Amino acid sequence: MREKKANVQQLFPSEDGNPQTRQMFMKLIEQIVTGADELKNPDGVNLKGEKNRSGHFYNNLIRESAIPHGSIPMEEVNVELLKLLHDHPYHTKYFLTNILPMASLPGILGMITAFMVNGNNLWDVYGPAGAEAEVRVTSMMSKLIGYDALQSGGYTTWGGQGAVFSGLRLAIAKYAPDALQKGVPNNLYAFCSEAAHYSLFKSMEASGIGSDRLIRIRTHADSSMDVDDLAIKLSEVIAQGGIPIYIVATTGTTDAMGIDDVAHIYEVSSQLTNQHGLSRPHIHADSALGGFFAFFNDYDFEANPLAFSQEVMQALIAIQSKMKHLHMADSMCFDFQKLGQTPYLTSLFLVKDAADLRLMDLHPDETPYVGHRGYGQYHTGYTLECSRMASSISIYSALLAFGIQGYQQLLAQFVEVNLAFRAALKREIPQVEIVNDDNPGIITLFRIYPDSNPGFQAEISGKCTLKEIERNNKFNERLFEMLGDHRDRIFFGDTKKHLLVQTKDDSSIPLYATKIFVISPYTETRHVEEIIEYLKTTITQVYEKYSESSMLSRR
Ligand SMILES: *Cc1c(COP(=O)(O)O)cnc(C)c1O
């Protein structure tokens, strides 16, 4: 028996722009957008729909899944796609968990634009739209932070982690250009703070240098790098014959929004390496998250044209005064899928001196298919990826649609709501201690303490035993679990690595903390009271359960 064959051309956008195909396409898009809208529930976090992702869920998926033999009509495929969204976390006002933003409309439209031509951003002969957008956004962001746009360069890559890795590749190539052929020398070292993202750890593994050659620098209580400790550790490495090639300055830590002082790091590392006849290590500002506060670099805080409150202004000035040194870094990153309001994956890696990229470029002999021809002027042979999506188009779209002022408004709203959370926590829940109070921004970390146990000040000044802090951590973990069980109602975050503290008995231990991360444009100051009330109820339950269990154990 012969089967009916599908018309496979119908599965593509039209060749000629005919209205029938366009209408079919629009209808299918409308089906998705409407379907997602029908699942929305602004009174909770998760989208509606039945889905139990526990137990044998993934195992069952493996058993059930197989490619259909024949073609399934696209309307029916859409129905299946929409089922994936059932019970999915969504960025309502109660979404407070982490740096997981909503994709904005201009961000989504930029992606769709890129998909309409599906160019390959590897080479402008194949992807001229992406090349143009990439050059434009690299220039725009360079100018924002104070790089010379005619000298700087950049490209979109696989995340803030990819940017840290690209910085490391540059650092290696700058110190040992022949490392690309001969392999990496065995005396190279990299540095970052204890509060840095694990991107550098991974990069050291992946580059073959090894994570043992990553030196961790102590942090201050505000999670910023202790530059005196950097100086000590740089000297130690040099004294033992090591070469410091790479320093990652975290400008906006992922948990506490601590900001390293790039200018001070620059100064100290140049001086120290200079003394020993070495060149200054490559400095990468890991500004994946925090860099977006550079949007306030030119804000007139005197005239305050957007009429921010005094408190918000103070917070913004404090952040901006540290971010204004970003341009001293040799490379940096903007994770647009974080505060740039674009979809995954839209990270922009920037280098102060585009000539550095040539150190990582492929030799023409190595690129038989693309680039280095008499035609085409833009070939990104220096990226680790070969084919690349034109995610710069989404970035371009968002930058145009928000403008500097739109970003200022949105970020200031996050800061304002965060300030309101801190004030309400202090007022309403006396058991709570905010543990990143020195860092204004969009994140609040807090801890709770069982009955008479010493609190945060004792913990960070080394007055607690390991046992006491372990007990406090356990207590906070109970709160994580209780909040986590009901995350479809209000979705808080948590971290098990806020500040590594020294204990009285000479060990060190990271602190656990619950996180309120203001990231949804729909969370406003008027929602704070209700959210804090919910938190208060849950915290009270943690204390009640705790006193029951300690009474039982006393019996
Ligand atoms: C998020 C983040 C990263 C990792 O970025 P990805 O885009 O997830 O790869 C690295 N560093 C910092 C400071 C971050 O906030």
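Being a predicted model, the structure only gives us computed values, none of them experimental. (Residues numbered from 1 in each chain as written. Predicted model: local features only at pLDDT ≥ 70, side-chain atom pairs only at ≥ 80, totals over all residues. Heavy atoms only, no water.)

Novice: It is not clear to me how the nonpolar core should be interpreted in this structure. Could you clarify?
Specialist: It is characteristic of soluble globular proteins that their nonpolar side chains tend to be buried jointly. If you look at the biggest cluster of nonpolar residues, it comprises 93 residues, and the most contacted ones within it are Phe293, Leu339 and Leu535. Looking at this core, the element that brings in the most residues is helix α13 (residues 392-428), giving 14 residues. In this structure, Leu535 is in contact with Leu425, Ile429, Phe446, Leu483, Phe492 and Ile516, ignoring residues within four places of it in sequence. With 18 residues, the next largest nonpolar core counts Ala179, Cys192, Ile209 and Tyr246 among its residues. (Core = buried A, V, L, I, M, F, W, Y, C linked by side-chain atoms within 4.5 Å. Buried < 20%, exposed > 50% of the residue type's maximum accessible area, 1.4 Å probe, protein only. Helix = DSSP H or I, 4+ residues; strand = E, 2+ residues; numbered from the N terminus. Contact = heavy atoms within 4.5 Å.)

Novice: What am I meant to see in the pairing of strand β7 (residues 331-335) here?
Specialist: On a regular strand, one side chain projects to one face of the sheet and the next to the other, so that they alternate. Taken across its 5 residues, β7 has 5 buried, putting it largely inside the fold. The side-chain alternation of β7 yields two buried faces, one formed by Ser331, Cys333 and Asp335 and the other by Met332 and Phe334. Where strand β6 (residues 282-286) and β7 come together, 2 bridges link them in parallel fashion. Of the residues in β7, the one forming a bridge with Ala285 is Met332. (Pairing = 2+ DSSP bridges.)

Novice: I would appreciate a short explanation of the packing of helix α9 (residues 227-239) against helix α10 (residues 262-275) in the present structure.
Specialist: Between α9 and α10, the shortest axis-to-axis distance is 10 Å and the interhelical angle comes to 25 degrees. Classed by the angle they form, the pair α9 and α10 counts as roughly parallel. Remark: the crossing between α9 and α10 carries right-handed chirality. Of the residues in α10, those touching α9 at Val227, Leu230, Ala231, Leu234, Ser235 and Ile238 are His264, Ile265, Val268, Ser269, Leu272 and Thr273. Of the residues assigned to the contact of α9 with α10, the class counts are 8 nonpolar, 4 polar and no charged. (Axes fitted to C-alpha atoms, helices over the stretch in contact; angles between N-to-C directions. Parallel < 35°, antiparallel > 145°, perpendicular 65-115°, else oblique. Left-handed = near helix turned anticlockwise from the far one by under 90°. Nonpolar A, V, L, I, M, F, W, Y, C, P; charged D, E, K, R; others polar.)

Novice: Sorry if this is basic, but what is going on with the packing of helix α5 (residues 128-145) against α13 here?
Specialist: Geometry of a packed helix pair, given as the angle between the helix axes and the separation of the axes. Running from amino to carboxyl end, α5 crosses α13 at an angle of 45 degrees, the nearest separation of the two axes being 8 Å. Comparing the axis directions of α5 and α13 gives the class oblique. In terms of crossing hand, the pair formed by α5 and α13 is left-handed. In this structure, α5 contributes Ala129, Gly130, Ala133, Glu134, Arg136, Val137, Met140, Met141 and Leu144 to the contact, and α13 contributes Ser392, Ile393, Ile395, Tyr396, Leu399, Leu400 and Ile404.

Novice: In this structure, what is going on with the pairing of strand β4 (residues 214-217)? I would like to understand it.
Specialist: Sheet analysis places strand β3 (residues 188-193) next to β4, joined by 4 bridges and oriented parallel. Note that in β4 the partner of Cys192 across the bridge is Arg216. Handedness of the β-α-β unit built from β3, helix α8 (residues 199-207) and β4 comes out right-handed. (Right-handed = clockwise from strand over helix to strand, strands pointing away.)

Novice: Explanation requested: the site of the ligand in the structure shown.
Specialist: Surrounding the ligand, one finds 13 residues, the nearest of these being Gly160, Asp286, Asp335, Gln337 and Lys338. In this structure, an oxygen atom belonging to the ligand sits 2.8 Å away from a main-chain N or O atom of Gly160. One of the side-chain N or O atoms of Asp335 is found 2.7 Å from an oxygen atom in the ligand. For the ligand, the accessible surface in isolation is 390 Å², of which the surrounding protein chains cover 86%. If you tally residues by element for the shell around the ligand, the top one is helix α6 (residues 159-175), at 3 residues. In terms of residue class, the shell around the ligand is built from 2 nonpolar, 8 polar and 3 charged. (Near = heavy atom within 4 Å. Polar contact = N/O pair within 3.5 Å; in protein donor to acceptor, adjacent residues only side chain to side chain. Areas by Shrake-Rupley, 256 points an atom, 1.4 Å probe, with all protein chains shown as cover.)

Novice: Where do I start with the sheet that holds β6 in this structure?
Specialist: Adjacent strands of a sheet pair through backbone hydrogen bonds, lying either parallel or antiparallel. Overall, mixed pairing links the 7 strands, which are arranged β2-β8-β7-β6-β5-β3-β4 in an open sheet. Lying at the two open borders of the sheet, with one neighbouring strand each, are β2 (153-157) and β4. Ignoring which end each strand starts from, the neighbouring axes of this sheet average 20 degrees apart. Inspection of the sheet shows β3 paired to strand β5 (residues 243-250) by 4 bridges, in the parallel sense. Residue Phe191 lies in a different strand from β5, and its bridge partner there is Ile247. Across the face of the sheet, α5 comes into contact with β2, β7 and β8 (347-351) while running at roughly 65 degrees to β8. In the packing of α9 onto the sheet, contacts are made with β3, β4 and β5, and the angle to β4 comes to roughly 155 degrees.

Novice: Is there a simple way to explain the sheet that holds strand β10 (residues 443-448) in this structure?
Specialist: Strand order across the open sheet formed by 5 strands is β1-β11-β12-β10-β9, with mixed pairing between neighbours. Across the chains shown, the open sheet's two edge strands, defined by having one partner strand only, are β1 (95-96) and β9 (432-434). Pairing of β10 with strand β12 (residues 508-517) involves 4 bridges; the strand directions are antiparallel. Bridge pairing links Ile443 to Phe517 in β12.

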